[in-house]
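Here's the letter readout for the chains.
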Amino acid sequence: MPALQDAPLQTLFLPFSSAALRWPQGPVLFLRARDGWPLREHAASGQLVCAQSFRPFASALERSGWQVQDEDTLEQDNTRYALVLVLPPRQRDEARALLARALARVAPGGIVVACQSNNEGARSGESDLQQLAGLGGKLTKNHCRAYWTPPADGSHDEALRKRWAALDAPRAILDGRFQSRPGVFAWDRIDPASALLVEQLPADLAGRGADLGAGWGYLSAEVLARCPKVTALDLYEAEARALALARRNLAGSSAALDFRWHDVTAGIDGRYDFIVSNPPFHTPAREDRPDIGQRFIAVAAQALRPGGQLFMVANRHLPYEQILNESFGQVRVAAERDGFKVIVGTRGGRA
């Protein structure tokens, strides 16, 4: 799912291709790494460590031979890097925490280089890095901004760095019922589309089910609370940070649970009695991609037993009717409210 033209990734390497910076001899860390020709043009596979929590991007990196680590493994490693590259996310608390962690991993004399598109917080990101560690330079191109620190000499604001490093830590939400953290989808609230879907779930759901795009676990928690005959539930989620929260939020369930860090668009294994889903329809960079939701529908139909049902919610305007009618024997709209629609598809002989 990575974009064919990844403008932030290209611009991240502009300081090196323009000779404003020199590529170091020592090890390099790339936080929220994405694969692409600019990376392959500058980095060597034995020198680079990539950290990426989004499964489609991690898979693309692995296919190209890069070493990919998850955040937990990286936190336990004390290696210092001559260069730390960062593609900060849009959510500012999450981005500040990532910059703070990048600064903690850079070796003496090393630099942190970050890049964001202008409509994804580039100016704020530059200001934040300048406040945290000073600014060594910046370049703009492709409607993006690359910016970097001076060589690290320990003179940064360490107290501020520690505060920012904790900004995206998991914390209790919704009167303590759930744990969540900045940066995951609908991190501090119940998404209204998911709430509408929950209202339409029949209490007699039973057997083995799946939650496609499970996020921090709200839909799954409601299925288990409302449907006592559910014996097993598999949670599929592409964002590892969200899946870790789902593990916390569903701890203690009597049903058999399986948490799968997985890109649903690549297909899933299993035969399910029911599937619930609030599928994504955009990339992490907020680019509209209704084909992702369409693929979720097709994958769900293939994974259901005959007579099994998909319960999904979507924005009313999304073009899902054709794939639903092609994939399911019966399709009905169960509810509509506030621009959302709940759809129930029952697998028949044509699925």
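Residues numbered from 1 in each chain as written. Predicted model: local features only at pLDDT ≥ 70, side-chain atom pairs only at ≥ 80, totals over all residues. Heavy atoms only, no water.

Draft legend 1. Geometry of the overall build of the protein. Regarding its fold elements, the protein presents 13 helices and 16 strands. Here the C-alpha atoms of the protein give a radius of gyration of 22 Å, agreeing with the 20 Å that 2.2 N^0.38 yields for 351 residues. With the C-alpha coordinates of the protein rotated into their principal frame, the extents come out at 65 × 40 × 35 Å. Counting the 351 residues in the protein, one finds 53% classified as buried. Carbon and sulfur atoms provide 47% of the accessible area of the protein, an area that totals close to 15500 Å². Across the protein, the centroid of the 41 positively charged side chains sits 1 Å from that of the 39 negatively charged ones. (Helix = DSSP H or I, 4+ residues; strand = E, 2+ residues; numbered from the N terminus. Rg over C-alpha atoms; globule rule 2.2 N^0.38 Å. Buried < 20%, exposed > 50% of the residue type's maximum accessible area, 1.4 Å probe, protein only. Areas by Shrake-Rupley, 256 points an atom, 1.4 Å probe, with all protein chains shown as cover. Lys, Arg positive; Asp, Glu negative; His and termini not counted. Charge placed at Lys NZ, Arg CZ, Asp CG, Glu CD.)

Draft legend 2. Highlighting the pairing of strand β6 (residues 137–141). By the bridge criterion, 5 bridges tie β6 to strand β7 (residues 144–148) in an arrangement that is antiparallel. Across the sheet, K141 pairs through a bridge with C144, a residue of β7. In this antiparallel pair of consecutive strands, β6 and β7, the connection spans 2 residues, and N142 shows a positive phi of 60 degrees. (Pairing = 2+ DSSP bridges.)

Draft legend 3. The arrangement of the layout of surface pockets in detail. A volume near 670 Å³ is recorded for the second largest pocket. Contributing to the lining of the second largest pocket are 31 residues, with D70, E71, D72, E75 and R181 lying nearest its centre. If you list the elements that add at least two residues to the lining of the second largest pocket, you get β3 (67–69), α5 (71–75), α6 (92–105) and α11 (240–249). In terms of residues, the lining of the second largest pocket owes the most to one element, α11, which gives 7 residues. Of the residues that constitute the lining of the second largest pocket, the class distribution is 14 nonpolar, 3 polar and 14 charged. (1 Å grid on protein atoms, 1.4 Å probe; cavity = no way out; pocket = protein on both sides within 12 Å on 5 of 7 lines; lining within 4 Å. Points joined across faces, edges and corners; volume = space filled by probe spheres on them. Nonpolar A, V, L, I, M, F, W, Y, C, P; charged D, E, K, R; others polar.)

Draft legend 4. Quick peek at empty space enclosed by the protein. If you walk through the whole model with that rule in mind, you get 1 cavity of 30 Å³ or more. The space that makes up the largest cavity amounts to roughly 40 Å³. Taken together, S277, P279, G293, F296, I297, A300, L310 and M312 form the lining of the largest cavity. Residue assignment for the lining of the largest cavity shows that the elements contributing at least two residues are α12 (290–303) and β14 (304–315). It is α12 that contributes the most residues to the lining of the largest cavity, 4 residues altogether. Split into classes, the residues belonging to the lining of the largest cavity amount to 6 nonpolar, 2 polar and no charged.

Draft legend 5. Spotlight on the pattern of salt bridges. Overall, the coordinates contain 27 salt bridges when judged by the stated rule. Close ionic contact of D35 with R40 constitutes a salt bridge, the shortest N to O distance being 2.9 Å. On the basis of relative accessible area, R40 is assigned to the partly exposed category, the value being 45%. Taken together, the shared-partner salt bridges connect R32, E75, E94, R101, D168, R181 and R241 into one network. (Salt bridge = Lys/Arg side-chain N within 4 Å of Asp/Glu carboxyl O.)

Draft legend 6. A look at helix α8 (residues 158–165). Considered for burial, the residues of α8 that qualify are L160, R161 and W164. Seen along its axis, α8 keeps its buried residues to an arc of 105 degrees; they face one direction. Facing away from the buried side of α8 by more than 90 degrees, the exposed set consists of K162 and R163. Two or three places before A159, at the opening of α8, D157 has a side-chain oxygen 3.3 Å from that residue's backbone nitrogen. (Arc of directions from axis to C-beta. Polar contact = N/O pair within 3.5 Å; in protein donor to acceptor, adjacent residues only side chain to side chain.)

Draft legend 7. Local environment of the sheet that holds strand β1 (residues 28–31). A sheet is described by the order of its strands in space; here 7 strands give the open sequence β3-β2-β1-β4-β5-β7-β6, paired in mixed fashion. Each of the sheet's edge strands pairs with one partner strand only, and the pair in question is β3 and β6. Strand-to-strand twist of the sheet, defined as the mean angle between neighbouring strand axes without regard to direction, takes the value 20 degrees. Against the sheet, α6 contacts β1, β4 (81–86) and β5 (106–117), and its axis sits at roughly 155 degrees relative to β5. Its contacts with the sheet place helix α7 (residues 122–133) against β5, β6 and β7, and it is angled at close to 5 degrees to β7. (Axes fitted to C-alpha atoms, helices over the stretch in contact; angles between N-to-C directions. Contact = heavy atoms within 4.5 Å.)

Draft legend 8. Spotlight on unusual backbone geometry. Its identity as a non-glycine residue notwithstanding, R32 has a phi of 60 degrees, on the positive side. Among the secondary structure elements, R32 is positioned in the loop between β1 and α3 (37–42). Positive phi is not limited to glycine here, since L174 has a value of about 50 degrees. If you trace the backbone, L174 turns up in the loop between β8 (171–173) and β9 (178–180). What makes L174 partly exposed here is its relative accessible area of 32%.

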